[in-house]
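What follows is the residue order along each chain.
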Amino acid sequence: MISAKPLLSENVKDFMDYALDVIKSMDGAPEHNSEEKQLVNQKLDKLKEYLEIVSVSYNETTPSISANTAIENTANFSGTGHS
């Protein structure tokens, strides 16, 4: 089972490794019996859960800018820039 890790890249790597395992389990789909079909569907459900972990990790990693911050910072900026 994949557990949430502090780094986004670690979560994505775990997700991709598991996704490849799921894809491999789908090989031969036309010949799958009911047990194999059930196993693949269980893996797909877990893959959805793992994608949620990646999504949460991504959203925790990206900075959030609030509307209040943009409004409150009305001071003039006189820094140097490139022309």
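Our structure's up above, just so we're on the same page.
Summarised in this report is the structure supplied together with it. (Residues numbered from 1 in each chain as written. Predicted model: local features only at pLDDT ≥ 70, side-chain atom pairs only at ≥ 80, totals over all residues. Heavy atoms only, no water.)

**Describing the pattern of salt bridges**
Put simply, the test is: Should a side-chain nitrogen of Lys or Arg be within 4 Å of a carboxyl oxygen of Asp or Glu, the pair is scored as a salt bridge. A run of H or I in DSSP counts as a helix once it spans at least four residues, and a run of E counts as a strand once it spans at least two, with each numbered from the N terminus.
One pass over the full model with this rule turns up two salt bridges. Between Lys 43 and Asp 21 there is a salt bridge; the shortest N-O distance is 3.2 Å. Taken as a pair, Lys 43 in helix H2 (residues 34–61) and Asp 21 in helix H1 (residues 8–25) lie far apart in primary sequence, 22 residues in all.

**A short note on the side chain of Ser 25**
Worth spelling out the cut-off: Only protein chains enter the accessibility calculation, which uses a 1.4 Å probe; a residue whose area is less than 20% of its type maximum is buried, one above 50% is exposed, and one in between is partly exposed. Working rule for contacts: check all heavy atoms of both residues, and any pair within 4.5 Å makes them a contact.
Within the secondary structure, Ser 25 is located in helix H1. On the accessibility criterion, Ser 25 (18% relative accessible area) is buried. Setting aside anything within four residues of it in sequence, one finds Ser 25 in contact with His 32, Val 40 and Lys 43.

**Concerning the environment of Leu 51**
With respect to the helices and strands, the residue Leu 51 is situated in helix H2. For Leu 51, a relative accessible area of 46% corresponds to the partly exposed category. When the C-alpha atoms of Leu 51 and Met 16 are compared, they prove to be 9.5 Å apart, with 35 residues separating the residues in sequence.

**A word on a nonpolar patch on the surface**
Applicable threshold: Residues enter patches when they are more than 30% accessible in relative terms and free of salt bridges; like-charged ones are connected within 9 Å and nonpolar ones (Val, Leu, Ile, Met, Phe, Trp, Tyr) within 5 Å. The method behind every accessible area is Shrake-Rupley, applied with a 1.4 Å probe, and residues are considered shielded solely by the protein chains displayed.
Together, Leu 20, Ile 23 and Met 26 line one region of the surface with nonpolar side chains, adding up to about 270 Å² of accessible area. Secondary-structure assignment places Ile 23 in helix H1. A residue is classified by how much of its surface remains accessible, and Ile 23, at 49% relative accessible area, is partly exposed.

**Digging into H2**
Each full turn of the α-helix corresponds to 3.6 residues, which orients residues three or four apart in the same direction. Rules: A helix is expected to span 1.5 Å multiplied by its residue count minus one. The definition of a polar contact used here is a pair of N or O atoms within 3.5 Å, where within protein one atom must be able to donate a hydrogen and the other to accept one, and adjacent residues in sequence count solely through side-chain atom pairs.
Its 28 residues place the ends of H2 41 Å apart at the C-alpha level, agreeing with the 40 Å of an ideal helix rising 1.5 Å per residue. Those residues of H2 lying buried are Val 40, Lys 43, Leu 47, Tyr 50, Val 54 and Ser 57. Check the buried side of H2 and you find it contacts H1. One side-chain oxygen of the residue at the start of H2 lies 3.0 Å from the amide nitrogen of Glu 35, identifying that residue as Asn 33.

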